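# Examining the three-dimensional arrangement
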Amino acid sequence: MCGIVGFVGKRACADILVDALKKLEYRGYDSAGIAVFENDIIKTVKAKGKIGEGLSVKLKDEPELHAVCGIGHTRWATHGEPSDVNSHPIGNGRISIVHNGIIENYRDIKNFLIGKGYVFESETDTETVAKLLDYYYSGDPVEAIEKAVSIIEGAYALGIIFRNHKNRIYAVRKDSPLIVGKGNGESFIASDVTAILEYTREYYCLERGEIAMLDQEGIHFTDLHGEAIEKELLTAEWDVESAQKGGYEHFMLKEIHEQPDAIRNTISPRVKNGLPDFSECGLTADKISSYKHIFIVGCGSAMHAGMVGKYLIEALARTPVIVDIASEFRYRDPLVAEGDLAVIVSQSGETADTLEALKLSKAKGADTLAVVNVVGSSIAREADMVIYTNAGPEISVCSTKAYAVQTAFMYLLAFEIAYVRGTINEIRCRELVKGLLDVPGKIGECLEDMSVYQFVASKIFSADSLLYIGRGLDNALSMEGSLKLKEISYIHSEAYAAGELKHGTISLIEDGTPVIAVMTQTALKEKMISNVRTVKSRGAKVIMICRSSENVDTDCADYKVGLPDAEDIFLPLIATVAMQLIAYYTAVQRGCDVDKPRNLAKSVTVE
Ligand code: AGP
């Protein structure tokens, strides 16, 4: 996620802004910049790269800045590769802004403004907001802000300065956090309290529909119509490290809780008038209609997202899908060829085996679609088409929100392929898209109470080995559940197709062996119950992940993790959070290093 800071007071602010930005580096970024009131103009200094290599180097080449007010930004690229011109602050001589979030309707706004004669320099969605503010600005900042935010759709936190309102900062937000810090004769804005703890622990939380105005006299809050608002002053009890985790004990838990927003930010911008819209990347209906085979290639969790994609695309679009581990794919002279689509999945966009699988697919003549989280990464740059998942930076080594958004995208891709190929009609496609858009809320329900996951963890944390079983989509989900558990708790775990157990693996079951059974697919329910009863009768300790409304007999399961109701097809995506939290609390109970598991790296850039 991007990082926003701002300062207004009576002392030089450039160094204060840079120091505050450094406190936000943990959020992940690829460029940084500041804009300050210097000699009655807005002076902007910004650069691609880390602060020490870009922004700070540029600032050293500048005459000393005496500004006492300004804004700053660390950019996690979503629209437009990392570059000086795409860096924030963004604006013209009149207005400058910093932005965290995703503007979903930026293309429409951009086209409107181009029609009004505006010329765009950057590839960012943010620039549309800066120019929209300029379009509406006729001397009253609050009026311009009110008009602009009534137009823009999506998530945003904005820090804004107007040249004609010297040493004053405005801030407004919707769905992206922003706090306002109250110092001693000075005030701040920041994406999170980490940035200002060195200066003050007193802060306000800016809410949706509120505008903050900070100047050298103090802090004022109004609603969007300029009516004054009184707000509660809060005191941060956190130290810097816990502030970076948003108060969560680990980044993994924080990132699990970010999943509803991450999925919204990934899916909503690819839905237009209720139907999938991949026009941004060039995946046209004609191309989709033409593909003979679809390959989905990745490593680890990315490959598991592809496995869910396989089940969905084959079930809905009746199109053959070959899913493969990148390190196998690249060495087996795969059958991918011209006329096929190779979907390359990678959070980092730098995984060596996945990158080579992409190059091989291209060399064999296939169209390549990269599904990546890091803008401008090697895989993104190499692919013919790119879809960026908008999960924000994933700090914890194990993949949670990245897997969730990759999988959510597989749903939307499956709907589009099926609709284009006519295996589902428009009504069904709209129904499925709406169901997908409802998933973040369902996941939010799963996040309301951690006790059931903590309870299950208490029943399995001392195990040496554990089985995850499922059928159909639940089998695909189980693969990810098993990986999560073993990679952070170090308990040996294996995902096994429930119907396959009797062909050998069931010999592993002995008294007390934990078995996590995922049962969300109604059509396979009786089969699953039969498989679960089989392992239970041999002594297994069964934890069932299923709908809360499911009546599970005690001769079938010892414990149940209930899910909110939804159409079958969406339950594996919703159940993702349950299996992540079971793994998380198991690792915590075993005293493991949750965010940095032994032997693992966040991105495997070597073979
Ligand atoms: C999963 O928790 C791991 N972090 C790992 O399996 C990861 O998914 C895999 O290494 C692929 O990484 P990528 O998505 O960055 O290519």
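Look above for the structure.
Right, let's walk through the structure included here. In this text, all values refer to a predicted model and were calculated from it rather than measured experimentally.

### Topic: the site of the ligand
Near the ligand, the surroundings consist of 14 residues, among which Ser346, Gln347, Ser348, Thr351 and Glu487 are the closest. Interatomic distance of 2.6 Å between a side-chain N/O atom of Ser346 and an oxygen atom of the ligand. Residue Thr351 places a side-chain N or O atom 2.5 Å away from an oxygen atom belonging to the ligand. Secondary structure elements with two or more residues in the shell around the ligand: α10 (300-317) and α17 (473-489). Residue composition of the shell around the ligand, grouped by class: five nonpolar, seven polar and two charged.

### Structural notes on the sheet that holds strand β8 (residues 169-174)
The strand order β5-β6-β7-β8-β12-β13 describes an open sheet built from six strands, whose pairing is antiparallel. Edge positions in the open sheet fall to β5 (90-91) and β13 (218-223), since each of these has one partner strand only. Set on the sheet, helix α4 (residues 126-136) makes contact with β5, β6 (95-103) and β7 (154-162); between it and β6 the angle comes to about 135°. Packing against the sheet, helix α5 (residues 141-151) makes contact with β7, β8 and β12 (210-215), and its axis sits at approximately 20° to β8.

### Overview of the side chain of Asp568
By the element assignment, Asp568 lies in the loop between β26 (559-563) and α19 (571-589). Sequence-distant contacts of Asp568, defined by excluding residues within four places in its chain, comprise Thr520, Gln521, Thr522, Ala523 and Arg547.

### Describing the sheet that holds strand β2 (residues 31-38)
Pairing is antiparallel across the open sheet formed by eight strands, whose spatial order is β3-β2-β4-β1-β10-β9-β11-β14. Looking along the sheet, the strands with just one partner apiece sit at the ends: β3 (41-48) and β14 (234-235). In the sheet, strand β11 (residues 202-205) pairs with β14 via two bridges, with the strands oriented antiparallel. Directly across from Tyr203, in β14, lies its bridge partner Leu234.

### Remarks on the pattern of salt bridges
Enumeration over the complete set of coordinates arrives at 35 salt bridges. Here Lys43 and Glu62 are joined by a salt bridge, their closest N and O atoms 3.0 Å apart. In this pair, Lys43 sits in strand β3 while Glu62 sits in the loop between α2 (55-60) and β4 (69-75), placing the two residues 19 residues apart along the sequence. Looking at Glu62, the relative accessible area reads 26%, which means it is partly exposed. Connected via shared salt-bridge partners are Arg107, Arg270 and Glu280.

### Remarks on the nonpolar core
By size, the foremost hydrophobic cluster in this structure holds 95 residues, and its most contacted members are Val343, Leu369, Phe415 and Ile545. Leave out the neighbours within four places in its chain, and Ile545 touches Tyr468, Ile516, Ala517, Val518, Met519, Thr520, Val561, Leu563, Ala575, Ala578 and Ile582.

### Points about the packing of α10 against helix α14 (residues 401-420)
Direction vectors running N to C along α10 and α14 enclose 20°, while the axes themselves pass 8 Å from each other. One finds that α10 runs roughly parallel with respect to α14. Classified by chirality, the crossing of α14 by α10 is right-handed. Facing α10, whose interface residues are Ser301, Ala302, His304, Ala305, Gly306, Val308, Gly309, Leu312, Ile313, Leu316 and Ala317, α14 presents Tyr403, Gln406, Thr407, Met410, Tyr411, Leu413, Ala414, Phe415, Ile417 and Ala418. A breakdown of the residues in the contact of α10 with α14 according to their chemical character gives 15 nonpolar, six polar and no charged.

### A short note on unusual backbone geometry
Glycine aside, residues mostly have negative phi, and peptide bonds are mostly found in the trans state. Here the bond from His88 into Pro89 is cis, since omega is 0°, no more than 30 degrees from zero. Structurally, Pro89 is set in the loop between β4 and β5. For Asp40, which is not glycine, the phi torsion reads 65° and is therefore positive. Positionally, Asp40 belongs in the loop between β2 and β3. The phi dihedral of Asp333 is positive, around 45°, even though this residue is not glycine.

### Thoughts on α4
Since there are 3.6 residues in each turn of an α-helix, residues three or four apart along the chain are aligned in direction. Burial analysis of α4 places 10 of its 11 residues in the buried class, the great majority of the element. Residues of α4 that are buried: Thr126, Glu127, Thr128, Val129, Ala130, Lys131, Leu132, Leu133, Asp134 and Tyr136.

About the criteria used
Residues numbered from 1 in each chain as written. Predicted model: local features only at pLDDT ≥ 70, side-chain atom pairs only at ≥ 80, totals over all residues. Heavy atoms only, no water. Near = heavy atom within 4 Å. Polar contact = N/O pair within 3.5 Å; in protein donor to acceptor, adjacent residues only side chain to side chain. Helix = DSSP H or I, 4+ residues; strand = E, 2+ residues; numbered from the N terminus. Nonpolar A, V, L, I, M, F, W, Y, C, P; charged D, E, K, R; others polar. Pairing = 2+ DSSP bridges. Contact = heavy atoms within 4.5 Å. Axes fitted to C-alpha atoms, helices over the stretch in contact; angles between N-to-C directions. Salt bridge = Lys/Arg side-chain N within 4 Å of Asp/Glu carboxyl O. Buried < 20%, exposed > 50% of the residue type's maximum accessible area, 1.4 Å probe, protein only. Core = buried A, V, L, I, M, F, W, Y, C linked by side-chain atoms within 4.5 Å. Parallel < 35°, antiparallel > 145°, perpendicular 65-115°, else oblique. Left-handed = near helix turned anticlockwise from the far one by under 90°.

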